[in-house]
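Residue-level structure breakdown
Letter by letter, the chains look like this.
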Amino acid sequence: MPITLGTKAGTLKQLQGRLRSARIPPLVSFTQQDWQSRRGACLAGIGESIGTGPWIVRSSCGREDSAEASYAGAFLSVPDVRAEDLEAAIERVFQSYGTALPTDEVLIQPMLKQVLRSGVAFSHDPNTCAPYRIVNWSEGNDTAAVTGGLGGRIWQQAAQAPRTATPPTPALSGVIALLDELSALLGEAPLDVEFAMTAEDDGDVLWLLQARRLVLPQPPEADHAQTTRLQLIHDKVARGMRPHPFLMGRRTVYGVMPDWNPAEIVGIRPKPLALSLYRELVTDSIWAYQRHNYGYRNLRSFPLMPHFFGLPYIDVRLSFNSFIPADLDEGLAGRLVDHYIDRLLAEPTLHDKVEFEIVFSCYTLDLPARLERLAAAGFSAHERETIAQSLRKLTNRIVHPKAGLWRDDAAKLDTLKTRRDVLFASNADPLERIYWLLEDAKRYGTLPFAGLARAGFVAVQLLKSLVAVGVFSQSDYDAFIGSVSTVSGQLARDRATLDRYTFLSRYGHLRPGTYDILSPRYDEAPELYFDWSQKPGAPEPSHPFSLTLPQMRDIVKLLNEHGLQPDPVGLFDFMQAGIELRELAKFHFSRNLSDALALIAELGAQWGFERDDLAYSDITVFKELHVAAASPREALLRSIERGKAQYAETQRISLPPLIAQPDDVWGFEWPETEPNFITQKRITAPVIDCDAREKLAGAIVCIPNADPGFDWLFAYPIAGLITAWGGANSHMAIRAGELGLPAVIGAGEVLYRRWSGARHLHLDCAGRRVEILD
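Below is a summary of the structure that appears in this document. (Residues numbered from 1 in each chain as written. Predicted model: local features only at pLDDT ≥ 70, side-chain atom pairs only at ≥ 80, totals over all residues. Heavy atoms only, no water.)

With respect to the secondary-structure elements, Gly 249 resides in the loop between α6 (223-240) and β10 (254-255). Its relative accessible area of 15% is what places Gly 249 among the buried residues. Between the C-alpha atom of Gly 249 and that of Asp 180, which follows or precedes it by 69 residues, the distance is 40 Å. For Gly 249, the residues in contact, after removing those within four places along its chain, are Pro 243, Arg 317, Gly 334, Val 337 and Asp 338. (Helix = DSSP H or I, 4+ residues; strand = E, 2+ residues; numbered from the N terminus. Buried < 20%, exposed > 50% of the residue type's maximum accessible area, 1.4 Å probe, protein only. Contact = heavy atoms within 4.5 Å.)

Next comes the structure, spelled out in structure tokens:
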């Protein structure tokens, strides 16, 4: 007899006696009509069929599990019901349906005892519609923890994953087997399953609590299509894990957050135009030129950011090679790279903090103490001193009070602005302007920005080391960051004082999603970002930072002891300039990029393409049209069609934030990361998405990444900030510190989804804690 998906009770009854991979608890069900006409018989039948309780009274409404909508959680279930409360519980469940139909049911089952774990499982990923088996579970006896929205752990596995891709808890393999068995019995329909595991005398037992159709926004992908694609990614990762003749380190790791963190800058699934622009301007070559210029190893011609069907990742071995000083002995350098990778594999939650917690990329006042951890890894005292000397020399070249490398980079920003003005004053055609805007953005924009970002990182590291050695308190650190005046801080001040035209002429090129043509610039949609009907209040002025005399003496002594060249005034000038100029460089190069995107949109419109289409093109097509005689419409159409086909595959893939081995492509647990907490403040406030502009005041605002285009938020008196992606030294981390705004930067996908879905949160930045209130 074939099985068809029906009501909760109807489906479970059909499956009783048919399953090999799980059991179904005994059950009794009856309709609203039965309940109204023979209530006493219904109540008597419960005890006779499934025992004396306690029971759980569950909804089984006809509207709950249709092919069009599940209404999951829309109706009431009442657990732990005793005999004296049974009739009232059944009434409450029927009442939760609103106007109940005569055929609507209630389902009663005995409460499970000695529950070890419970959760929900999908046969397909609701976001990608790909055949990923997703198990969301929690350990313990609370069977409502996951279904009630309290999070839990998540394991994701491809439908035809090899046996080597095993869940972290062996018992979850039984849940995967249950999904596969149900799919075979129910005709491959996408499924949503609730389960629990209990400890019984004959061992752990898996129980099926519910099986219903999983409603997807589009038809699911076939298993074989997913397998073919993932096999190609697996093989690409496996090749990357081998030793490389021109790189140090036995193997690599791929991550979305280390170094030039693509998850923060372009997102984990950028459209082809955004991805190609980021590669063009930064990760294909500029990144390596900057590192070499600043005294690190020469890795030119190495692209930093491979992508797997459009999902961008950083090659972490390559990144770690690039933080090795050029004069360090290769044998010692190779061991250092292997140590870095081993440390990341041992503590994967550090993937967005590798430069603070794993890599030694500059000299700081606490470096000798931090290098002591290398002793346990087999590095001798002489080797540790060699590393320190090499980093000292490199750092002195960066922070030198007169000849610091960052000064030349800062001067290039003026050249960028001058050349942009000359270009727009000329009669150059749009394609030529696009070409030179991007070429100049590389040479005079992202290249100096990369250098100034390196200086900014060194500045923050030196500042943190003052806390580590006891010269500064955390309050001193926060006060210094609060005294820094970045371009983002100036934006907030100008919003309070400038008229609309002047403000937009200065800041109009900014957009959330710097590389995204679909994100409007400030001057393209000013009403979207700002309330022009009233002026916001001027932000409090930053307070100048000053050292005490004892601090000054301690710093003079430390700089001399450690062989660092600047005096205290020069050191603090560098630290302030490093942080401020990094943000200024980003502001200037993003104008070139934003103007190029605006010209691409104008040209596309002339050739009959909307921005939605242009987002699928590749920037190389515009470079080619600049140098070639070709039909622009045909060339662009081919690029768009190719990009759409590629992005359709991008949308079907899920990969972990850190790929440590090839089998991670097939199955992985979504990690809870260790977020970056900014300031030492506490705040309790409602949680708001950034699109709800009228509710921003006094709210904790959630945004996906730490992009500077979101600076418009600071024109509103928000109470706090949470981002899914972003590092300890990201734009929003610096900005929040400058404002003294409680913030959680880089929560990761799991925690961000949990916290952004809450109504109210309590942020305790000093205690590094986030509490969901409701």
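This part is about the sheet that holds strand β14 (residues 658-659). Read across the open sheet, the 3 strands follow the order β13-β10-β14; overall the sheet is antiparallel. Only two strands of the sheet have a single neighbouring strand rather than two, namely β13 (314-315) and β14. Bridge count for β10 against β13 is 2 bridges, and the pairing is antiparallel. Note that in β13 the partner of Gly 255 across the bridge is Ile 314. (Pairing = 2+ DSSP bridges.)

It is worth spelling out the pattern of salt bridges at this point. Applying the stated criterion across every chain yields a total of 38 salt bridges. Here Arg 117 and Glu 139 are joined by a salt bridge, their closest N and O atoms 3.1 Å apart. Of this pair, Arg 117 sits in strand β5 (residues 115-122) while Glu 139 sits in strand β6 (residues 132-139), placing them 22 residues apart in sequence. The exposure class of Arg 117 is buried, given its relative accessible area of 11%. Here Glu 524 and Arg 611 are joined by a salt bridge, their closest N and O atoms 2.9 Å apart. Here the residue Glu 524 occupies a position in the loop between α19 (500-507) and α20 (526-529), and Arg 611 occupies one in helix α23 (residues 611-614), the gap between them amounting to 87 residues. (Salt bridge = Lys/Arg side-chain N within 4 Å of Asp/Glu carboxyl O.)

Attention shifts here to the packing of helix α15 (residues 405-425) against helix α16 (residues 430-468). Axis separation between α15 and α16 bottoms out at 9 Å; the angle between their running directions is 160°. When the axis of α15 is compared with that of α16, the two are roughly antiparallel. The crossing of α15 and α16 is left-handed. Broken down by class, the residue content of the contact of α15 with α16 amounts to 14 nonpolar, 3 polar and 7 charged. (Axes fitted to C-alpha atoms, helices over the stretch in contact; angles between N-to-C directions. Parallel < 35°, antiparallel > 145°, perpendicular 65-115°, else oblique. Left-handed = near helix turned anticlockwise from the far one by under 90°. Nonpolar A, V, L, I, M, F, W, Y, C, P; charged D, E, K, R; others polar.)

Considered for burial, the residues of helix α9 (residues 286-293) that qualify are Ile 286, Trp 287, Ala 288, Gln 290 and Arg 291. Elements that come into contact with the buried residues of α9 comprise α8 (272-283), α10 (316-322) and α16.

On to the environment of Ala 189. Summarising the element assignment, Ala 189 is placed in the loop between α5 (172-185) and β8 (191-200). Separated by 308 residues in sequence, Ala 189 and Thr 497 place their C-alpha atoms 59 Å apart. Setting aside residues up to four positions removed in sequence, Ala 189 forms contacts with Leu 5, Ser 123 and Arg 213.

Limitation: the analysis is restricted to geometry and does not speak to function.
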